[in-house]
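Architecture and fold: a report
Next come the chains, spelled out residue by residue.
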Amino acid sequence: MLAESIPGRLRPLTILQLGWRNLRRNRRRTWITATTVALAVLLVQVAVSLLIGIEQQSFDNLINYQTAHAKLYAEGYFANRDELPLDYTLTGLDELQATIRGVRGVAATTPRLSFSAQVSNGVDLYACIGVGIQVTGSDHDVFRIPQAVVDGEYLKSGEDGLLMGTGLAELFGVDTGDWVTVLTKTQAGAYEALDLPIVGLVGTGNPLIDRNSFLVPLEIAQYMLGLEGAATELAIRFSPTARDDETIAEITRAVQDLRQLDVKGWREMEEDFMALVRVKRTGQGVFLLIFIVLAVVGITNTILMASFERTREIGMMMAMGLRGSGIRELFLTEGALTGLLGGALGSLVAVAITAYFATVGLDLTAMYGDMDIGYPVKDTIYPAVNIAVLVASWLLTGVLAALASFYPAARASRHIPVEALRHV
Amino acid sequence: MTVARLIDVHKTYMVGRVRVPAVRGVTLDIEHGAFMSIAGPSGSGKTTILNLLGALDTPTSGTVQIGDGTTDGLSLKTLADFRNTHLGFVFQTFNLIPVLTVRENVDFPLQLQGIGNKRERNERVMKILQEVGLGDLVDRRPTELSGGQQQRVAVARALVKGPRLVLADEPTANLDSETAGEIMALMQMMNEKHGTTFIFSTHDPLVMERASRLVRLHDGRVASDEGGNGGRHAS
Ligand SMILES: Nc1ncnc2c1ncn2[C@@H]1O[C@H](COP(=O)(O)OP(=O)(O)O)[C@@H](O)[C@H]1O
Ligand SMILES: [Mg+2]
């Protein structure tokens, strides 16, 4: 009878139109629900971009000041690294460095000699971590210590002196220019003491360095420890385009015939921190999930109420021949539109906030003060507005809102027309 | 020719464990082109009979024939499709969709029939709205119309798809007597002009007067069945 007929269905545009206009039927309720969604979206977007920013910043910090991209150790060192042992050292450094520099993906390499020491200002004595760094030539090719010198200046080759973490200097009550005594024990077990001037202070935002460490020229460290020509590690920086895993594998292959050596990537060195990052992500996720659930429940409730109020209208539409599936589409659309409305609102505010901090920067010290927030960061964060992520999360909000409307929509679609029409 | 037929139809509702017989053995033939009134006091079964004839409900026993088919054992979806293709409804409380304009309300059943061509739909909508005298109010919302005007829209909505049968359950009960008369006159005019079969329920004697056939119900049974004065003569 009817050519190419789709009986019992409305045209998609009509469904959208009905959904949109029905949103305005109870404006107050729509706004309340949309605002809940907007808040959830805003919170998720700001929290996630902040979290990603802080994580990225702290990974950069670790790589720039502590772990480099990878380190090469003598076998046995890594397992005992917390004790800063001197029993597993690397020698023949020039030859080793030359080998590693030849590996594809490696940008630079430098030897370091880490040791435990006691430092005294003449009154107090504290246990600290000393790090001997190669001042000329290579340490600043791998690490970014010069950028972290907040007072005084960087070390000079052949000159006595040390760089002290800002937190440690505060603890001692010393400043650039003051002298301290460094006490070490050589590998053979003899004590060695040396008076050194503080040439500068380093503030990296990384508590391990700022609060516990001092840096001296490699030759001084070697001399104090009686380890001429030796280092505890060879730190390696990768070129920006290198893939971490591949480069580590290449280095391992390059050195495997030389000696008993261990190559460790920065993620492996910082397993505990990575675990902490995952815990924090989960914590944030749970926190955000609560808001998402609130928004979902808000939509479910709103659509449920709307379908109750419109029972007779549903009956009338069904009497005219609209199938249950058509009723379902109407309410799903209304829910999705509520979600998209709230999502748009929340995203707009999120963009405004992100764009603002993208230009002025988000000063973490202003936010947290000197408090240890568990991430090694100090710098200002510049969050970026990512349009693709924004649009994707907006659409996702619509999908989630449609899912939230599924139960009330299905309920409405199961009405028996006579009974719905009888409803007052 | 018969448009619809009830054969020994019973409808019993269960209220908890109590059986409420609403229709008790009704047999009726409805001829094509009838302008038929179902009258009776409140609770006599008028709405139930209209629902059965409107494929909105199925009988407890007996047969409901509409056109060539019966509603026996049809699923809710098939019943919906059946109503969509063959039947029009006018309700006591107008029941327009408040967020749609007059034009969009009347367009609704045409969309349900899957008529994709917007021009065609619009022509039919405008034509029927002219006929019911609302050609100037097509872009108004129902809330901007009087009760009588809303019921005119409802009549247009029921008729726009050219149904075999229009069912109107107390279409004038919410209107003052003058407006009620106008709506009855409109439906009568449509009945005469297009030959559409109308069945309406009422307990208003002024409305019954206009019917070509008057069926009186009492306690779910047909108490009397007689030709009236008005309407197009049944064929
Ligand atoms: N869904 C229902 N459930 C229980 N009883 C009903 C239901 N619908 C109608 N009835 C009963 O059936 C009888 C007839 O009702 P109805 O057809 O609505 O009469 P009318 O339209 O003439 O007032 C009444 O006693 C009414 O209470
Ligand atoms: Mg009734």
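Residues numbered from 1 in each chain as written. Chains lettered and ligands numbered in written order. Predicted model: local features only at pLDDT ≥ 70, side-chain atom pairs only at ≥ 80, totals over all residues. Heavy atoms only, no water.

**Some thoughts on the site of ligand 1**
Around ligand 1, 13 residues are found, and the nearest of them are A:R422, B:G43, B:K46, B:T47 and B:T48. More than one chain approaches ligand 1, the contributing ones being chains A and B. Within the side chain of A:R422, an N or O atom sits 2.8 Å from a nitrogen atom of ligand 1. Between an oxygen atom of ligand 1 and a main-chain N or O atom of B:G43, the distance comes to 2.7 Å. The fraction of the free accessible surface of ligand 1 (550 Å²) that becomes covered by protein chains is 73%. Going through the elements one at a time, β1 (2-15), β2 (18-31) and α1 (46-53) of chain B are the ones with two or more residues in the shell around ligand 1. (Near = heavy atom within 4 Å. Polar contact = N/O pair within 3.5 Å; in protein donor to acceptor, adjacent residues only side chain to side chain. Areas by Shrake-Rupley, 256 points an atom, 1.4 Å probe, with all protein chains shown as cover. Helix = DSSP H or I, 4+ residues; strand = E, 2+ residues; numbered from the N terminus.)

**Remarks on the pattern of salt bridges**
All names here are of chain A. Within the structure shown, the criterion is met by 24 salt bridges over all chains. R25 is paired through a salt bridge with E313; the nearest N and O atoms lie 2.7 Å apart. Of this pair, R25 sits in the loop between α1 (12-23) and α2 (27-67) while E313 sits in helix α12 (residues 311-319), and the two are 288 residues apart along the sequence. For R25, a relative accessible area of 35% corresponds to the partly exposed category. Residue classification places E313 among the buried positions, given a relative accessible area of 11%. Here R267 and D244 are joined by a salt bridge, their closest N and O atoms 3.3 Å apart. (Salt bridge = Lys/Arg side-chain N within 4 Å of Asp/Glu carboxyl O. Buried < 20%, exposed > 50% of the residue type's maximum accessible area, 1.4 Å probe, protein only.)

**A short note on unusual backbone geometry**
All names here are of chain B. Look at A55: it is not a glycine, yet its phi comes out positive at around 55°. Tracing the sequence through the fold places A55 in the loop between α1 and β4 (61-66). Positive phi, normally seen in glycine, also occurs at D219, with a value near 50°. For D219, the location among the structural elements is in the loop between β9 (213-218) and β10 (221-227).

**What to know about the packing of aromatic side chains**
Aromatic ring pairs are defined here through the distance separating the ring centres and the angle between the ring planes. Residue and element names in this part refer to chain A. In this structure the tally under the stated criterion is 11 aromatic pairs over all chains. Measuring from ring centre to ring centre gives 5.2 Å for Y73 and Y77, while their planes differ by 15°; the resulting arrangement is stacked. Take Y73: its relative accessible area is 3%, and that puts it in the buried class. Feature note: the residues F59, W266 and F273 constitute an aromatic cluster, connected by ring pairs. The ring centre of F78 lies 3.9 Å from the NZ or CZ of R81, which sits over that ring. (Phe/Tyr/Trp six-rings, centres within 6.5 Å; stacked < 30°, edge-to-face > 60°. Lys NZ or Arg CZ within 6 Å of the ring centre and 35° of its normal.)

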